[in-house]
Structures are given as C-alpha cells and as structure tokens.
Amino acid sequence: MIILTSLVLIVGSMNNGDGRRLNREEEDEDEDEEDDENGRGLDAWERAYADDRSWESLQEDESGLLRPIDNKTLYHAQYRRRLRSLSSASSGARIQKGLIRYLYIVIDLSRAASEMDFKPSRMVVVAKQIEVFIREFFDQNPLSQIGLVIIKDGVAHCLTDLGGSPESHVKALMGKLECSGDSSIQNALDLVCDYLCQIPSYGHREVLILYSALSTCDPGDIMETIQKCKKSKIRCSVIGLSAEIFICKYICQETGGLYSVALDESHLKELVLEHAPPPPAIAEFAIANLIRMGFPQRAAEGVISICSCHKEAKVGGGYTCPRCKARVCELPTECRICGLTLVSSPHLARSFHHLFPITPFDDVSLPSLPIGPHQMLPKNCFGCQQSLRDPGPKQGSLVGRAIDLSRLNSYNELLIELERLFGMEGLLRDPDEGWRILYTDNENDMMVVGDDPWHDMPISYTFCSEFCDVSKIHIYTQEVEKMTMGMISDDTQKLLGGSSTNCNGRVQVLFRRPAGFPYYTSSDVGFGPVL
Amino acid sequence: MTPVQPKLSTDDVSLLMVLIDTNPFFWSAANTTSLSFSKFLSHVVAFLNSVLLLNQLNQVVVIATGINTCDYVYDSAAAGALPNQRAESLLQKLVEFVVKDEQLGKEDSVDGIGSSLLSGSLSMALCYIQRVFRSGPHHPQPRVSVNGYMHSWTSFPFHRYVAIMNAIFSAQRSMVPIDSCLLGAQHSAFLQQASYITGGVYLKPQQLDGLFQYLSTVFASDLYSRNFLQLPKPVGVDFRASCFCHKNTIDMGYICSVCLSIFCKHHKNCSTCGSVFGQAQTNAPSTSNQKRKTPET
C-alpha cells in the first residue's frame, strides 16, 4: 500500500518537464513556461498558444465569410441525447434525488493554477466557470446552499460560509484571485468535513474540488481523511485540470462522487455544469425528515422597516417571518431571530421538475400518425401557429463566393464562371430559366448586368473603370427579385458588415439560393477563399 | 426568486400576447354585479386597437382561455387580417371558440371544477414567442398580458399547479414579462407571483367601468417607456403555499426533505413518497439540530 505525504501517482502521458516541476522552487517558474512554449507534447493541456492551429477551427458560412466553427447545435444535440438517456434510465425506477444540498466548492489556487494552458490562465477560467455554475446551481436547487474554500500555500481557507445568495459568493471569489504555494487535498477535506458535520441530517453533503495541481502536499495520512469523509457521508467529486491523478480518483470512488479531467475550456464548462442538477441520492446518506418552514409574504413596496439581516432601516419590499414577524431581505434564508427556515412557494415549485420531470418528446414519422384517409393534417402548429404547409419564407439563403473580374474578357465568360462557381451549368446563359444577375456599384446603386451599352468591351474595362466600380454581384430568380427588391441593399449590408470594395478586380458574388435548389458546398466544387 | 429585469432596447416595437378569460362560470357570476362579458370585450378591443395604433409595427395576438381548451382567436400579423375588420374577425373567432369549449365540456367532464386553463394559454403564448425569437435578430419585444379572472389556487389540481409554475419559470428564463389585470373580487396569488418573478405589472382595478383607462395607461406602454413611468407598485406578494393534506393555505408548515411535499401538521411518514421520518439518527450534532428544527407539537 502506498502511503506518501506527497504525490501518489500520475497517470497520463506526462513528460519529464512536468515531473521535475514537483521538486522545483518558485524561481523556476519562468523556465517552466518556456518549456511549455516549446510545445513538445501534443496533449491539450501542454499546448502553447503558438501551437494552436487556430485556423482549423474556422469555417466558411453561407455568405462566404470566415467564422469560428459553431458547435452550439452539435453540443445541443449531444445534450438532448444525454437527457433522453438519463430520463429513460430513470423512468423505470423512480430515483430519489438529493434536493436539499449543502455543497462546498474547493478551488485550488496553488502555483499550478497560474499555468497558461487554459487562456489566460487556469484560475481565471475556473473562476469564470464557477460563477456560471453558482448561478445555475441556485436556479436548479433554490433550497440548497454553497460555500467556497480555497487552497493556497498548502493551507485551506474558507472563503465564504454556507449561504444561499449567489452574489456574495461570486463577489468574494473574484476578489481573491491570486495563487501561490503548494496544494493540499487533505487540509481542504479536513476543513470541509468539519463544516459539513454541523449541517442538519436531512441535507446532502457534497464537495466539488477543482484541482489544478499534479501533487498534494499533506501534513498527515490522507487515507484517514478519506475514510472520515466516507463515514460522515460526504460525496466528494473532483474535476482535474491537468492530468488524471490516482488519489483524486480514489477519493471519488470511496465517497461515491464523480471524477473527471477537463480537456479544454468548453469541456470544463460541461463537466462543471454536470454537477448543477441534483445527483441521485444514496438512500442511507440523508435521513428523511420533516422540516419546519415558513412562507413569508412580501411586504408592499415603499414601506420602511428595519431588516434583521443587515440591521438597518430599509425602504422597499422585504419578507416578514410568519413566526416572529422579523423582517428579512431575501429568500431563502433562515430567520435570524427564531431560526425558522424561510422559503417561498415558487422555490419549492422550482424543484418539482426534478421530481416530476417532463418526459422527452418522441419523433413521430408522418405515416405512423393516427390520421384517417379523409382527415387532413392541421394547417398550423397547435402551439406557435407556424404554418406547416409552407415552412419558412421563400427567399432562400444567401451563398457568397469571390470572383476575379480582371481575368475575364466578356459577359459570356462571366456567366460561365458564375455557373461554374455555383454549380448551375447552363442555367444563367439561358434567358428562359429566369435568372437575373444584378450588380451593386460603389454608390450602392443596383443595375442589371447586360443592360449597359458596352456589350463587346472587355469586362475588366466595363466593370472596373472609374464610371462603374462594381462591388457586388447578385444572382436571383425573378420571383425572388420582386420579393426582395426593397431590402437587397439593407440585407447585404448587414450580411457583409459594410460595403466591400473592389480591389484588383476581385468581387463578391452573392447567390440567393432558392429553397429546394441543390446546394454545392465549397468542398464539392473547390474554391479559393472569399475576398 | 429574484425578479428578472427584462431585456430593454430603444426599439419600441412590441408583440403583445393577450390572454383573455372566457370562463362561463366566472362571467355569469360577474354579470349581475359589475362588468358583463360584452362590456369587457368592448374595453379589450379598444385597447387592442390603441396598441396597434401606437406603432405601425406593433403586433397583437389574442388567445382565449376556456375551461376545456384554449385557442388563438386573433393575430394581427396573420394574412387576411384587415385593419378595419379587426373586431369582427376577433368576435367571430371568439364565438366559435366558446361553442367549441362548451362542446368539449359536454363530451368529457374532467376535473369538473370549472377553473380556467391558465397553464395551457400561457404555454401557447410562450410557444408563439419562442417562434418569434427564432425568426431572426430583429424581432419585436414580446410581453404577455393576462386579462380576466383566475380561480384561487387552492382549487387547482397539483399537476396543473406544476404546469403553471413551469410556464412562469420559462417566461422568466426567456425574459418575457407577464402583466396581469385581475377582474375578480380576490387577489390571485398565482398572477401576483407570475408578475413578480417575470418583472411584469400586477393590477387589480378598483373601478371596473373604467377598465379601458387602466389598460391603456398601464398595459399599453412598451417595456422601454416603462422606465419613465410610475406604474402601480405591488401591494405585497402572496408567497404562501397550500398543504397537500387539506389544501389549506398556510404560512408555516412541514416539508418532506425527500419529495418536498407540504403538510400543515406533523406526520409520522410522508403520504407522497412513503419515507418514514426521523429514523436512524446516527451522529449527535445532527440530532440536536433536528430537534431544534422540528419540535414535537
């Protein structure tokens, strides 16, 4: 069995640089960062900014502009899937959930928290995520309380006591963001254990540790502390920021918590927010009990009274304790005078959706609908009145590409080039197909291509002279043109964020693709980047 | 619950979702006393017209709330809504709706308590607003206005209570204020809470004859102008709960720590989730704490 006062085991592809760091003194910090910048490893936490292939996370959108890849829909889909699997798992057996939670968040502010692998540094990113988490936590668990503990210089301090006000926690945390020294899990757990033993027996005791360091510097035997936590029924969860550490995993296994290591910032956010909904409760951890609670009424606005929490006269609405008639400023809280737990009925109602979750909707295919042959589908959506027959506006979507006019010699060549760009061979040159090509000049006037008298001149002369400076070319069907004529300049301005100028004959072409028109992505046809 | 501050912009185009109560039980009782349903409608139609005249781009959607169903009766943005036939089309749809509501009531008399379906109409309004939110970056500022009378909440079945509260919370999340204009004799704790949580206005007019004046001065103002107005302040919000055992409204009670059921008296075990209370006390500090919290009565 391993009994060490310091680091126990590190799993993961750790290199020598990291290993040496454990024995180093603080003056070696600079060297450390240089090591990192060399970026030998390929792991996410070792990557320096110069190595970030940031262009890989860009994609071309419909109008041809470069944007960061939007993962929102992807994440949302994943989230829905997880939600569905969770609800299907819990629908069979009703799982008891810990609704009244007492959670201590332990934040590691040791030397390792200043590492720059998360931008700008680990502790700033952690603080940001904790702020989001605290607000989400109180939204989901209005009857629960949070306390903050920080580890610094090998010692754990209590930053805020258990309380139900998100603002005070966030404010305290933001004021204390500096890091130094070593980190100690044992000290933190001992401190939290002492605090959590005092809470009422019906409460669920939890610790969430955000751990940056790769080692723990403990004064005694950490295994004893873990057993103590286990005995006092504290559920410990750890989110690592560097690499998987055996001792953290062991803590979580023993106490029934979750252990996870964040890969990058968005993953960290996901992991932290996973702790916001109430976890399934272990039956013997909390004792079922009846709690006496008061439901105070909110007093009328503009009444002056002395509040018992700040001990000063206040104007405006407050809540009156139904037992001792003392005045408190916010809910939920415990009356300072008589000790009654004060909540409002919306607080209880807010928690009901954890107990009676809404069953997720099922996708139903059209043929399986129980509709007879003579019955028609409803014309509009029952809920939002969206027309089901004719979904969405007919305008289609804008697709943008760049074209170099200086290389072209005639209108015919321009048309061929445009057809090639948008995969509509033959359509533009045939007047019966109903396509219109317009161009916008630098004064934002819109004209039809081919209506001007210079039909046989080289196109570079026609379009790039001082008389006519083309900035954009638009391709529309005739119907779309009628519909959008009034809004074209507005729409494209908005899309491009200002007028694009014609430089060296390169012009942006906007193609309003009608709904149903086959879509050719840039990878199908292979274009260069847009202007 | 801290009230939210609705999103504000100088863009004063508003989308007003008006929920009107067509509960026949209430209106037949009110007919003899103060305001008849037809008078109420004439006030409301005048109010809708004035909102539409305030800004050319303003939009008004009316949802009727019955006791068995609820439905859209007017949408100013819908095709074929001629400006000079607003009242006619609204009234015609409303008559159809009331007939349909009555028929549904005959077919299956569920619950049989005759309370209006506030949860249904609120959800419909929020669905419509979500669609507007997704229509693009430039959408009108939505707000929901509840007009009419709602039964006091003690008569609600529990599942409907949860549905209404969930609708209120999702309105709070999407920052849609819920204004309520209450015509009944008693205050409604629900609407008080809904308006307080979502940052809307709650009003119970004293003089029902002058309903149009209340509506046009208080509820017609868009969210941005509300910064400059002295709107009626709430005279207190009722946050009391009703117990699960006797349906009494209580201001102090016992909560089951497992399922958050509310009881007015101390019980040995929970009738909702079946937990037995106060078993297996292990460590000393929690026992003393528990005694302080739940003294045996």
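Residues numbered from 1 in each chain as written. Chains lettered and ligands numbered in written order. Predicted model: local features only at pLDDT ≥ 70, side-chain atom pairs only at ≥ 80, totals over all residues.

With that settled, the discussion passes to the overall build of chain B. Secondary structure assignment for chain B yields eight helices and ten strands. A fraction of 66% describes how many contacts in chain B between residues 6 or more apart in sequence connect residues 24 or more apart. (Helix = DSSP H or I, 4+ residues; strand = E, 2+ residues; numbered from the N terminus. Contact = placed C-beta atoms within 7 Å.)

Along the backbone of chain A there are 15 helices and 21 strands. Buried residues in chain A amount to 32% of all 531 residues. In chain A, once contacts between residues fewer than 6 apart in sequence are set aside, the share between residues at least 24 apart is 67%. (Buried ≥ 20, exposed ≤ 12 C-beta atoms within 10 Å, placed from the backbone.)

All names here are of chain B. Structurally, Asp-222 can be placed in the loop between helix H7 (211–219) and strand S7 (241–242). Its 19 C-beta neighbours within 10 Å are what place Asp-222 among the partly exposed residues. With 168 residues separating them in the primary sequence, Asp-222 and Leu-54 have C-alpha atoms 9.6 Å apart. Those residues in contact with Asp-222, other than ones at most four positions away along the chain, are Asp-12, Ser-14 and Gln-141.

With respect to the element layout, A:Leu99 can be found in the loop between helix H3 (72–92) and strand S3 (101–108). Distance in space between the C-alpha atoms of A:Leu99 and A:Gln140 is 9.4 Å, their sequence separation being 41 residues. The residues touching A:Leu99, leaving out its near neighbours within four places in the chain, are A:Asn141, A:Leu143, A:Pro278, A:Ser351, A:His354 and B:Leu260.

Before going further, it helps to examine the nonpolar core. Among the nonpolar cores identified, the biggest contains 86 residues, and B:Met17, B:Val62, B:Ile63 and B:Ala125 are the most heavily contacted of them. At seven residues, helix H4 (residues 118–134) of chain B tops the list of elements feeding residues into this core. If you look at the next biggest cluster of nonpolar residues, it comprises 54 residues, including A:Ile146, A:Leu148, A:Leu214 and A:Cys229. (Core = buried A, V, L, I, M, F, W, Y, C linked by C-beta atoms within 7 Å.)

This part is about the interface of chain A and chain B. At the interface, 43 residues of chain A touch 50 residues of chain B. Every element with two or more residues in the side of chain A that touches chain B is listed here: strand S9 (290–294), strand S10 (297–298) and helix H10 (345–355) of chain A. Looking at the side of chain A that touches chain B, the element that brings in the most residues is H10(A), giving ten residues. Relative to strand S9 (residues 252–256) of chain B, S9(A) runs antiparallel, the two sharing five bridges. Across the sheet, residue A:Ile291 finds its bridge partner in S9(B), namely B:Ile255. (Pairing = 2+ DSSP bridges.)

For the rest of this paragraph, the subject is the sheet that holds strand S1 (residues 14–21) of chain B. Residues and elements named next belong to chain B. Strand order in the open sheet formed by six strands is S3-S2-S1-S4-S5-S6, and the pairing between neighbours is mixed. Looking at strand neighbours, the two that pair on one side only are strand S3 (70–75) and strand S6 (202–203), the edges of this open sheet. Packed onto the sheet, helix H6 (residues 189–198) meets strand S4 (141–148), strand S5 (178–182) and S6 and runs at close to 150° relative to S5. (Axes fitted to C-alpha atoms, helices over the stretch in contact; angles between N-to-C directions.)

The subject of this paragraph is the packing of helix H2 (residues 37–54) of chain B against H7(B). Residues and elements named next belong to chain B. Direction vectors running N to C along H2 and H7 enclose 25°, while the axes themselves pass 9 Å from each other. If you check the angle between H2 and H7, you find them roughly parallel. Handedness of the crossing formed by H2 with H7: right-handed. Across the interface between the two elements, Phe-40, His-43, Ala-46, Phe-47 and Ser-50 of H2 pack against Leu-211, Phe-212, Leu-215 and Ser-216 of H7. In terms of residue class, the contact of H2 with H7 is made up of six nonpolar, three polar and no charged. (Parallel < 35°, antiparallel > 145°, perpendicular 65-115°, else oblique. Left-handed = near helix turned anticlockwise from the far one by under 90°. Nonpolar A, V, L, I, M, F, W, Y, C, P; charged D, E, K, R; others polar.)

Residues and elements named next belong to chain A. Chain-level statistics for chain A give a pLDDT mean of 72 and a share of 58% at 70 or above. This stretch, residues 480–503, has a pLDDT under 50; its non-local contacts, to residues over four places away or in other chains, come to 28 contacts. Residue range residues 515–531 is modelled with pLDDT below 50. Its contacts to residues more than four positions away, or to other chains, number 21 contacts. (pLDDT = per-residue confidence, 0-100.)

On to the pairing of S1(B). Taken residue by residue, a regular strand's side chains alternate between the two faces of the sheet. Residue and element names in this part refer to chain B. The buried count for S1 comes to eight of eight residues, which makes it a mostly enclosed element. Burial along S1 is two-sided: Ser-14, Leu-16, Val-18 and Ile-20 facing one way and Leu-15, Met-17, Leu-19 and Asp-21 facing the other are all buried. Alignment of S1 against S4, held across seven bridges, turns out to be parallel. By the bridge assignment for S4, Leu-16 is matched with Arg-143.

Turning next to the packing of H10(A) against helix H5 (residues 158–173) of chain B. Think of two packed helices as two axes; the pair is described by the angle between the axes and how far apart they sit. Direction vectors running N to C along H10(A) and H5(B) enclose 95°, while the axes themselves pass 9 Å from each other. Here H10(A) lies roughly perpendicular to H5(B), going by the angle between them. The segment H10(A) lies against H5(B), with A:Pro346, A:Ala349, A:Arg350, A:Phe352 and A:His353 engaging B:Val162, B:Met165, B:Asn166 and B:Phe169.

The bulk of non-glycine residues show a negative phi, and the bulk of peptide bonds are trans. Residues and elements named next belong to chain A. With omega at -10°, the peptide bond leading from Leu-331 into Pro-332 counts as cis. With respect to the element layout, Pro-332 can be found in the loop between strand S14 (327–328) and strand S15 (333–334). You will see that Lys-233, though not glycine, has its phi angle at about 60°, which is positive. Inspection of the secondary structure assignment puts Lys-233 in the loop between helix H7 (222–231) and strand S7 (234–240). With a phi angle near 60°, Lys-325 is a residue other than glycine that sits in the positive phi range. Turning to its location among the elements, Lys-325 is positioned in the loop between strand S13 (319–320) and S14. Exposure remark for Lys-325: the 11 C-beta atoms within 10 Å place this residue in the exposed category.

This part is about helix H6 (residues 185–196) of chain A. Helix length check: H6(A) (twelve residues) gives 16 Å between terminal C-alpha atoms against 16 Å at 1.5 Å per residue, within 8%. Of all the positions in H6(A), only A:Ile185, A:Gln186, A:Asn187, A:Ala188, A:Leu189, A:Val192 and A:Leu196 are classed as buried. (Expected span 1.5 Å × (residues − 1).)

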